[in-house]
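What the coordinates show
For reference, the chains in residue letters:
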Amino acid sequence: MGKLVVLKFVDGDFEKGFAVSLQIGEERDRPTTEISGKLPPCPEMPLYYNHWQSSYRRLGQTYRLDADQVQITNVSTTQNCYHTAHILRARFNNWLQAEEFRPVREKWLERLLPTDEVRVILQADDSQLQRLPWHLWDLLERYPKAEIGLSSPTYDRIHKPPTPNHVVNILAIVGNSQGIDTKADQLLLQNCTNANVSFLVEPQLQQLTDHLWQQNWDILFFAGHSSSQDNDASGRIYLNQTDSLSINELKYALKKAIERGLQLAIFNSCDGLGLARELADLQIPQIIVMREPVPDQVAHEFLKYFLDAFANGESLYQAVRQGRERLQGLEDKFPCATWLPVICQNPAQIPPTWEDFIRVRNTHLFANVKQKFPLTVFSGLAIAAVVCGVRFLGLLQSTELTALDLMMRSRPLESPDQRMLIITIDDTDLAFQRQQGEILKGTSISDTSLQKLLTKLKQYQPSVIGLDIYRDFPAEQPNLVPHLQQTQNLVGVCKGSDTLENIKGIAPPPEIPQERIGYSDFIHDSDGVVRRHLMYMNQEPASLCSAPYALSMQLVFRYLLPKRIQPKFTPQGNLQLGHTVLPRLSSHASGYQGIDASGGQILLNYRANKKIAEQVTLTQFLNNPLNSRAINNKIILIGVTAKGDSPDYWSTPYGNLFNEQMPGVLLQAHMVSQILSHVLDGRPLLRVSSPWIDLLWISGWSLVGGIIAWRLSSLSRLSLAVGISCSVVYVSCFGVLICGVWLPFVPSIIALMGTTTVSAIQNGKIRVGFLTN
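Rules and cut-offs
What you see as residue numbers is a count from 1 along each chain, following the sequence as written. Reporting in this predicted model follows two pLDDT cut-offs: at least 70 for local features of residues, and 80 or more for side-chain atom pairs to be given and counted; totals over whole chains, interfaces and linings ignore these cut-offs and use all residues. The basis for every side-chain value is the complete set of heavy atoms in the structure, and neither hydrogens nor water enter the calculation. Note on exposure labels: buried denotes an accessible area under 20% of the residue type's maximum, exposed denotes more than 50%, and partly exposed covers the range between, all computed with a 1.4 Å probe on protein chains only. Secondary structure elements are defined from DSSP: runs of H or I of at least 4 residues count as helices, runs of E of at least 2 residues count as strands, and each element is numbered from the N terminus. By definition, the arc is the one covered by directions from the helix axis to the C-beta atoms. We call a pair of cysteine sulfur atoms a disulfide whenever their separation is within 2.5 Å. pLDDT measures the predictor's confidence residue by residue and takes values from 0 up to 100. Two residues qualify as a contact provided that any one of their heavy atoms is within 4.5 Å of a heavy atom in the partner residue. Pairing between strands is defined by DSSP: at least two bridges between them are needed. Axis angles are defined between N-to-C directions and span 0 to 180 degrees, where every axis is a line fitted to C-alpha atoms and, for a helix, only to the segment in contact. Within this document, salt bridges are pairs made up of a side-chain nitrogen of Lys or Arg and a carboxyl oxygen of Asp or Glu, the two lying within 4 Å of each other. Each patch is built from salt-bridge-free residues with over 30% relative accessible area, joining like charges within 9 Å and nonpolar side chains (Val, Leu, Ile, Met, Phe, Trp, Tyr) within 5 Å. Here the open area of atoms and residues is found with the Shrake-Rupley method and a 1.4 Å probe, where only the protein chains shown may cover a residue. The term polar contact refers here to a pair of N or O atoms within 3.5 Å; inside protein, the definition further demands a hydrogen-donor-capable atom paired with an acceptor-capable atom, and it admits residues adjacent in sequence only when both atoms are side-chain atoms. Oblique is the label for any angle not covered by the other classes, which are roughly parallel (under 35 degrees), roughly antiparallel (over 145) and roughly perpendicular (65 to 115). Crossing chirality is assigned from the near helix's rotation relative to the far helix, an anticlockwise turn below a right angle marking it left-handed and a clockwise turn marking it right-handed. Gly counts as polar in this scheme, as do all residues outside two lists: the nonpolar Ala, Val, Leu, Ile, Met, Phe, Trp, Tyr, Cys and Pro, and the charged Asp, Glu, Lys and Arg. A pair of Phe, Tyr and Trp rings is counted when the ring centres sit within 6.5 Å of each other, with Trp represented by its six-membered ring. The angle between the planes then sorts it: under 30 degrees is stacked, over 60 is edge-to-face, the rest tilted.

On to helix α3 (residues 102-111), then. Those residues of α3 lying buried are V104, R105, K107 and W108. End-on, the buried residues of α3 take up no more than an arc of 165°, which puts them together on one face.

The next thing to look at is the state of the cysteines. Counting across every chain of the model gives 1 disulfide. Between the sulfur of C494 and that of C545 lies a disulfide, 1.8 Å long from S to S. On the criterion of sequence distance, the pair formed by C494 in strand β17 (residues 490-494) and C545 in the loop between β19 (532-536) and α18 (551-560) is long-range, its members being 51 residues apart. On the accessibility criterion, C545 (0% relative accessible area) is buried. The thiol of C388 is not disulfide-bonded; the next cysteine sulfur, from C733, is found 13 Å away.

A few words now on the confidence of the model for the protein. Mean pLDDT over the protein: 88, with 91% of residues reaching 70 or higher. Scored below 50 in pLDDT, residues 67-75 shows 10 contacts in the model against residues more than four places distant or in partner chains. Long-range and interchain partners of residues 767-773, a stretch whose pLDDT sits below 50, account for 25 contacts in this model, where long-range means more than four residues apart.

For the rest of this paragraph, the subject is the sheet that holds β17. The strand order β18-β17-β16-β25-β15-β24 describes an open sheet built from 6 strands, whose pairing is parallel. The strands lining the two open edges of the sheet, one partner per strand, are β18 (517-519) and β24 (614-617). Adjacent strand axes in the sheet meet at a mean angle of 25°, parallel and antiparallel pairs treated alike. Pairing analysis gives 3 bridges linking β17 to β18, with the strands arranged parallel.

Now for the pattern of salt bridges. Per the stated rule, a full pass over the model turns up 28 salt bridges. As a salt-bridge pair, E301 and K304 come within 3.2 Å of each other at their nearest N and O atoms. Of the two residues, E301 and K304 both sit in helix α10 (residues 296-311), 3 residues apart, roughly one turn of that helix. Taking relative accessible area as the criterion, K304 reaches 35% and is therefore assigned partly exposed. R419 serves as the salt-bridge partner of D681, at 3.0 Å between the closest nitrogen and oxygen.

This part takes up a nonpolar patch on the surface. The grouping of F392, L393 and L395 at the surface amounts to a nonpolar patch, some 370 Å² of accessible area in total. Position of L395 relative to the elements: it lies in the loop between α13 (366-392) and α14 (397-410).

A separate point is the sheet that holds strand β10 (residues 234-238). What the 3 strands build is an open sheet, ordered β9-β10-β11; its pairing is antiparallel. A strand with exactly one partner marks an edge of an open sheet, and here the two such strands are β9 (226-229) and β11 (244-246). This sheet shows a mean twist of 25° between the axes of neighbouring strands, independent of strand direction.

Below, the discussion takes up the side chain of Q576. Assignment of secondary structure puts Q576 in strand β21 (residues 575-577). Classification of Q576 as buried rests on a relative accessible area of 15%. At a separation of 2.8 Å, a polar atom in the side chain of Q576 contacts the main-chain carbonyl oxygen of G578. Among residues more than four places away in sequence, those in contact with Q576 are Q566, P567, K568, T570 and V581.

Here α18 crosses helix α20 (residues 664-681) at 40°, and the two axes come no closer than 9 Å. Between α18 and α20, the angle is such that the two are oblique. In the packing of α18 onto α20, the handedness of the crossing is right-handed. Of α20, the residues touching α18 (which contributes L551, S552, M553, L555, V556, Y559 and L560) are Q668, M671, V672, I675, L676, V679 and L680. Its residues placed into classes, the contact of α18 with α20 shows 12 nonpolar, 2 polar and no charged.

Helix-helix packing: each pair is described by the crossing angle between the helix axes and the interaxial distance. The interhelical angle for the contact between helix α21 (residues 691-711) and helix α22 (residues 715-738), taken along N-to-C directions, is 160°, at an axis separation of 10 Å. Overall, the two elements α21 and α22 adopt an arrangement that is roughly antiparallel. When the axes of α21 and α22 are compared, the crossing they make is right-handed. Taken together, the residues of α22 that come into contact with α21 (itself represented by W697, W701, V704, I708 and A709) are L718, A721, V722, S725, V728, V729, S732 and C733. The residue makeup of the contact of α21 with α22, split by class, is 11 nonpolar, 2 polar and no charged.

Throughout the structure, instances matching the rule amount to 26 aromatic pairs. Ring plane angle 75° and centroid distance 5.0 Å describe the contact between F522 and W650, whose orientation is recorded as edge-to-face. Remark: W650 occurs in strand β26 (residues 649-650) and F522 occurs in the loop between β18 and β19; sequence separation between them is 128 residues. F522 gets classed as buried once you look at its relative accessible area, which sits at 12%.

Following this line, the structure appears as structure tokens:
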């Protein structure tokens, strides 16, 4: 809660000095601290102000002053205005640092922190005292969240509560605009959030009084020419080309408007302290005026900055301070622009925020809000049903898969799988074999190099060897044949189908028995990305490859066999390894509506590391000594990473451009790793949630969006709440994904934002209205 400071000038004048009292307390509470002080006589202070005022008014700007006044140009320079302003500021602060005033300063510094939001009210009857630039007080400038308002010593509270409106009602009077531009003011008001603006353009007196009597206004706005008179005792506004009037001539209409809820008057016109003093006699809660003539552009910019801050949740005083301080960017053209805006306050009233206008309405319209809540719930459920229907038709599949890829890439890093060693054959290995005169015969490894590789591997007793290289032809090297036939832990590869070549797949190596063959087929989604692991399938009868299990699964089976874990199928047709069941992906899985889910497919839970396992090239392996621990009891995967004529590269969630794609042998490694890590380490597989959970998840966030729109009235807070909710949805989906469950993120966001928008429109939260008369 903010602090309220009241600085009372009880008695005195500049000739005799002023008796001063300071009260400090919490906002909306009685003061807890009070101290008295004194300011010494300073008869020259009004003269310093008059010198500055004279130089300021002779700058020759286009002011919103009396339209009949002739602007004087080139009488005084800008430098003279800066000079008199500097003198006034220095003399003013020297006066406030007087010894008699020190107790007040010290009590202020003792009770208030620089981080406090401080609302300062200066109560004084002396008009010259009120005109001084109190915002330049060095004590105030130490507090970045402090702003000062002026007040009359006599005031009274308005006891009748405001009459409720559905939105903030603003009566905007556009008076005589001769020589100035008031259209910019109108455009700024039209863009106010949750506001209904009625414009009266150069009205007649009766038209103005009728509007003040007939409707409930929250804010009264005036743009045009005005001036103060009789030593700030009164003010005058110019309604049109011929008519002007004082506040006293609107007394009865304004009293009625204040009784019915008028809380703020903004006079974006010149020399408004006389207007403010007359309005204060009517006990209007808050008034914003310009203490001196205001240039046209300064008036526009202040209104823009003030409305932006006020309508977006700042308090009235903070909004005025922000709007005033942002005028500093204009002071090269308009000296002392930041001196002009000032608040005049009825101390008995608490300044409202923009949301307070709406909150008061909601208090009086509680029964209406209760009636709107069932509509909000119905809208949420209806939108959730529409989103789920669109999702069931597969229309969100592309965006859901893109979101899944983003989350997969964002997961925390995992360590490489120590159970595997990958021997790769790159372009350098191919070139080396050709230099040695070895015949490759359409494959990536010659019979000679393959024999050397298998011989060297056998010495270190790996658990299983996966040869991810097509060899659909007999071995020509006589010594290679027994190696292929008799190496019991060697698994070869074939391809079940190849529609690109229009043939029935690729046959396995003829020397390797059928039980030691696995297929290399991958399945990719419509965008070409591999996200699924095809563990087993029924091959086409005419296929040259009849292997029922993937190469990755054959390697897994043989690695787990010494651990007495054997594969079997459950009555539901799911593959089971020991106590672990690998549930198949259904054709109605999350994000995969309508896919061909034949065979045993699961989602591929990539290991979150660019280095899936230790890797060594063929040449390095054959020509260098090895540490037996790098091979003993491990899975050895042999495959091609060369980027030759027919590269074995695939798009993954980690990239689909060619230089980002993953070699097939590394994809096999990810598939082997995910199964072994799940069975032996408890690392979760990636699975989808059930359709019912998806429905509840999407519907829940849809209802959250409706409740947000139902409860919050400020568009800025509504936007913030939606942003926070979307972040919570993402963090929740991401966290659950790390645990192995893919929840629908994109449909939830669509449902949440869709329901928020619809409910906000239904509840009148998104509406900008205006009337022009």
